[in-house]
Amino acid sequence: MENSQKLENLLNLALDTKEEEREKSQALQVGYDENSGKWELIVRYHGSADGMRSLPGTQVETLLGGYAVVWTPEEQIDVLAALPEVEYVEKPKWLLYEVESGKAVSCIDVLQQDLPSRLFPGDETGGEGGLASPVGTLSGRGVLVAVLDSGIDYTLPEFRWADGSSRILGLWDQTLSLEFTKEQIDEALAASDPEKRYRLVPSRDLSGHGTAVAGIAAGGGQTTGGETGSQGQTGGGIPRYRGVAPASELLVVKLGTPGERSFPRTTELMRGLDYVLRKAQELNRPVAVNISIGNNYGSHDGTTLLETFVDEAAGFSPNCIVIGSGNEGGAAGHSSGVLEQPLPGTDRSQLVELSVGVYETALSVQLWKSYVDSFGVELSAPDGVSVGPFRPEQGPQRYVLGGAEVLIYYGEPKPHSRSQEIFLDFIPRATYLESGVWKFRLIPEKIVEGRYDFWLPGTSILNRGTRFLRQTQDVTLTIPSTAARAITVGAYDSRRDSYAEFSGRGYLRNLDLVKPELVAPGVEIMAPRVGGGYGPQTGTSFAAPFVTGSAALLMEWGMVKGNDPYLYGEKVKAYLTRGARQFGGGGLRFPNNRVGYGALCVRGSLPG
């Protein structure tokens, strides 16, 4: 298929490879349905979508801000890209889950001392002059909390009012292609027979990730098994593990594809975000959105269609989008450096070594550089055999090396980015890649800027031994936490008041935008479990919902209680960063690329 400048590098490569190669690849097959022969694609367009809809065998789902998810036969992709209204096309990628009281250290408890132990749908939860704080008691009432994740155990008391009715106003289970209303969930909850309950609303959280995230952001603290005594109650009778915004109602999207139990895709996240924002607008409520998943594919400068869609969505109705920074900080999935212009007779090449663990079935590597720079790339297998230097040619280059077929593809800069990608896909000829140290030698030719960045896919899908030997911990934020208008949240260990080494670090590649903006507790956080009880959770997945719930509290104070009708979006970010607590010793400068402006402190973010 002819390469199109409107198609991203990875999609061009996928279309240029044989189907049997794609099936073995870690990245190329994502988005292709072999039964129908169709691709699921992300399209940015302007004007009308009618031209896309007119293509034979094509279905189009339009999203906010000039984006669409399109299903089209492979033979129609060139025609799709040639439409004048189509600006750019990407294929989906996998998204990976980023896997004692955080509320107290986050200055939240002081705002909730007047809350009753049980909350009812219509009761008042603190006035303008509560005893705990001059700003009054805050619980998130009147603000929606949206969780885009692995689903939710909707049966838990954690997500129900004290009268037993559900606090979930909408549950879209993408794996079932079904949406459930509050009325349907209440009917299921009223069923005494669990079998009947799950016939009425068959959505389940199979991993428990989404249930834990929702519980931290907005749980009521009433889950069976942790409700009484020292496990579940404070001395004053308030549930110990109550979430940050326990009176917020919820919108939940279980991300995924019907019939599949693998990781969700970027297209499903975009459709889920579109759903919750439109639903919040329909209900005329502000909404705080939590995203605790991400991936490593992209230049990490905010320019993929997923990142720009998040930025567009942030401007649609009163909302606040909160995203965890990922757990790649210490995972050795990133290596970077700066090449220098060689002088005559000198060798200024640089070596980047990648250790591949045993039993690795596939691997992809991204190398990002400025388009103005030119340098050759040689690759050596663990047995010492080398190929290259590769040349910047259009179309895939194929080499057999170390028992693997290596596909190399040079991309072009995008209309909205000057970065160039060199993508390498390692496909074993047998079952596994050759373990050992693979070496990339970068040979400078014409160097103006010089910076280069290597990224592996999210290391949670790789074997433990697969890592760069010289890791760069900076710019390890996962995408889409790199979106400019999102609030990006890292993790810290609130028990030791120290940075969590796994937490993804900023800033963005080639940009000085402060990311993450702040950190929240993310180590050994007690959260509700599917089926009841509580258990410890660690990761930025569980730091982000502290900030999501806090955003709901700020929007309640501003928009619901009438103190500031414009307290959403970037203004919430400004309030949270102003109140962030600096920690780690007097020698540390703020903001910095580990913790941004500091640790979450909601009371310090509010006036008075």
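Just so you know, these numbers come straight off a predicted model, no measurement behind them.

1. Things to note about the packing of aromatic side chains
Throughout the structure, instances matching the rule amount to 13 aromatic pairs. With a centroid separation of 6.3 Å and 70° between ring planes, the pair formed by Y297 and F423 is classed as edge-to-face. With Y297 in the loop between β12 (293-294) and α11 (305-313) and F423 in strand β21 (residues 419-428), this pair connects stretches of sequence that are 126 residues apart. Given the relative accessible area of 12%, Y297 is considered buried. Classification of F423 by relative accessible area gives buried; the value is 1%. Joined through ring pairs, the aromatic side chains of F440, Y452, F454 and F468 make up one cluster. Here R22 stacks its cationic end above the ring of Y32, 4.6 Å away from the centre of that ring.

2. Notes on the sheet that holds strand β15 (residues 350-356)
The 5 strands lie next to each other as β18-β17-β22-β15-β24, forming an open sheet whose pairing is antiparallel. Either end of the sheet is taken by a strand with one partner, and the two such strands are β18 (386-390) and β24 (467-468). Examined bridge by bridge, strand β17 (residues 374-380) and β18 share 3 bridges and lie antiparallel to one another. Opposite L379, over in β18, you have V387 as the bridge partner.

3. Considering unusual backbone geometry
With omega at 5°, the peptide bond leading from G388 into P389 counts as cis. Its location among the elements puts P389 in strand β18. For the bond running from K515 to P516, omega is -5°, close enough to zero to count as cis. With respect to the element layout, P516 can be found in the loop between β26 (498-499) and β27 (518-521). Its identity is not glycine, yet H300 carries a phi of approximately 60°, on the positive side. When you line up the elements, H300 lands in the loop between β12 and α11.

4. Comments concerning the packing of helix α8 (residues 209-218) against helix α12 (residues 544-560)
When two helices pack together, their arrangement is captured by the angle between the axes and the distance separating the axes. Direction vectors running N to C along α8 and α12 enclose 40°, while the axes themselves pass 7 Å from each other. Regarding the angle of α8 to α12, the classification is oblique. The interaxial crossing formed by α8 with α12 has right-handed handedness. Residues V213, I216 and A217 of α8 form the contact with α12, whose own contacting residues are P545, F546 and G549. Here the contact of α8 with α12 is built from residues that sort into 5 nonpolar, 1 polar and no charged.

5. Some remarks on the pairing of strand β14 (residues 334-338)
Taking burial as the measure, the 5 residues of β14 include 4 buried ones, the bulk of the element. Both β14 and strand β23 (residues 451-455) contribute to a ladder of 5 bridges, which runs antiparallel. Across the sheet, G337 pairs through a bridge with Y452, a residue of β23.

6. With respect to the side chain of S336
Position of S336 relative to the elements: it lies in strand β14. For S336, a relative accessible area of 14% translates into the label buried. Aside from chain neighbours lying at most four places away, what touches S336 is Y452, D453, R470 and T472.

7. Observations concerning helix α10 (residues 266-283)
The first and last C-alpha atoms of α10 sit 26 Å apart over 18 residues, in line with the 26 Å expected at 1.5 Å per residue. In the segment just after α10, N284 is the residue with positive phi, at about 60°.

8. Observations regarding the nonpolar core
Considering soluble globular proteins, one finds that nonpolar side chains tend to be buried as a cluster. Formed by 58 residues in total, the largest nonpolar core has its most connected members in Y154, I168, I487, V547 and V572. No other element matches α12, which puts 9 residues into this core. For Y154, the contacting residues outside a window of four places in its chain are R160, I168, I185, A188, L189, R197, Y198, V201 and S203. Counting 39 residues, the second largest nonpolar core, distinct from the first, contains L277, L305, I323 and A483.

9. Overview of the pattern of salt bridges
This structure, assessed with the given rule, holds 30 salt bridges. Note that E570 is salt-bridged to K573, the shortest N-O span being 3.1 Å. Placement of both E570 and K573 in helix α13 (residues 570-579) is noted, with a separation of 3 residues, approximately one turn of the helix. Members of the salt-bridge network, linked through shared partners, are E8, E90, K93 and K414.

10. Section: the packing of α10 against α11
In contact at an axis separation of 11 Å, α10 and α11 are set at 5° when each is read in the N-to-C sense. Between α10 and α11, the angle is such that the two are roughly parallel. Contacts between α10 and α11 involve T266, L269, M270, L273, D274 and L277 from the former and L305, L306, F309, V310 and A313 from the latter. Across the contact of α10 with α11, the residue classes break down as 9 nonpolar, 1 polar and 1 charged.

11. Considerations on the confidence of the model for the chain
Here the chain averages 90 in pLDDT, and 93% of its residues register 70 or above. Scored below 50 in pLDDT, residues 126-132 shows 17 contacts in the model against residues more than four places distant or in partner chains. The low-confidence segment residues 226-232 (pLDDT under 50) makes 17 contacts with residues lying over four places distant or belonging to another chain.

About the thresholds
All residue numbers refer to position in the chain's written sequence, counted from 1. Restriction of local features to residues with pLDDT of at least 70 applies here, the model being predicted, together with a cutoff of 80 or more for giving and counting side-chain atom pairs; totals for whole chains, interfaces and linings are based on all residues. No hydrogens and no water enter the side-chain calculation; it runs on all heavy atoms of the structure. Ring geometry is summarised as follows: Phe, Tyr and Trp rings, the Trp one being its six-membered ring, pair when their centres sit within 6.5 Å, and such pairs are stacked at plane angles under 30 degrees, edge-to-face over 60 and tilted between the two. Think of it this way: any DSSP run of H or I at least four residues long counts as a helix, any run of E at least two long counts as a strand, and we number them from the N terminus. Relative accessibility decides the category of a residue: with a 1.4 Å probe and only protein chains considered, values under 20% of the type maximum give buried, values over 50% give exposed, and everything between is partly exposed. A positively charged side chain is recorded as over a ring if its NZ (Lys) or CZ (Arg) lies within 6 Å of the ring centre. The angle to the ring normal must also be within 35 degrees. Strand pairing is assigned whenever DSSP identifies at least 2 bridges connecting the two strands. Fitting a line to C-alpha atoms yields each axis, with helices limited to the stretch in contact; the angle taken between N-to-C directions then spans 0 to 180 degrees. In what follows, roughly perpendicular refers to angles from 65 to 115 degrees, roughly parallel to angles under 35, roughly antiparallel to angles over 145, and oblique to any angle outside these ranges. Take the far helix as the reference: if the near one is turned anticlockwise from it by less than a right angle, the crossing is left-handed, and if turned clockwise, right-handed. Contact definition: two residues touch when any of their heavy atoms are within 4.5 Å. Throughout, the ten residues Ala, Val, Leu, Ile, Met, Phe, Trp, Tyr, Cys and Pro are labelled nonpolar, Asp, Glu, Lys and Arg are labelled charged, and all others, Gly among them, are labelled polar. An expected span of 1.5 Å times one less than the residue number is assigned to each helix. We define the nonpolar core as a collection of buried residues of types Ala, Val, Leu, Ile, Met, Phe, Trp, Tyr and Cys that are connected through side-chain atoms lying within 4.5 Å of one another. We define a salt bridge as a contact between a side-chain nitrogen of Lys or Arg and a carboxyl oxygen of Asp or Glu at a distance within 4 Å. The predictor's confidence in any single residue is recorded as pLDDT, a number from 0 to 100.

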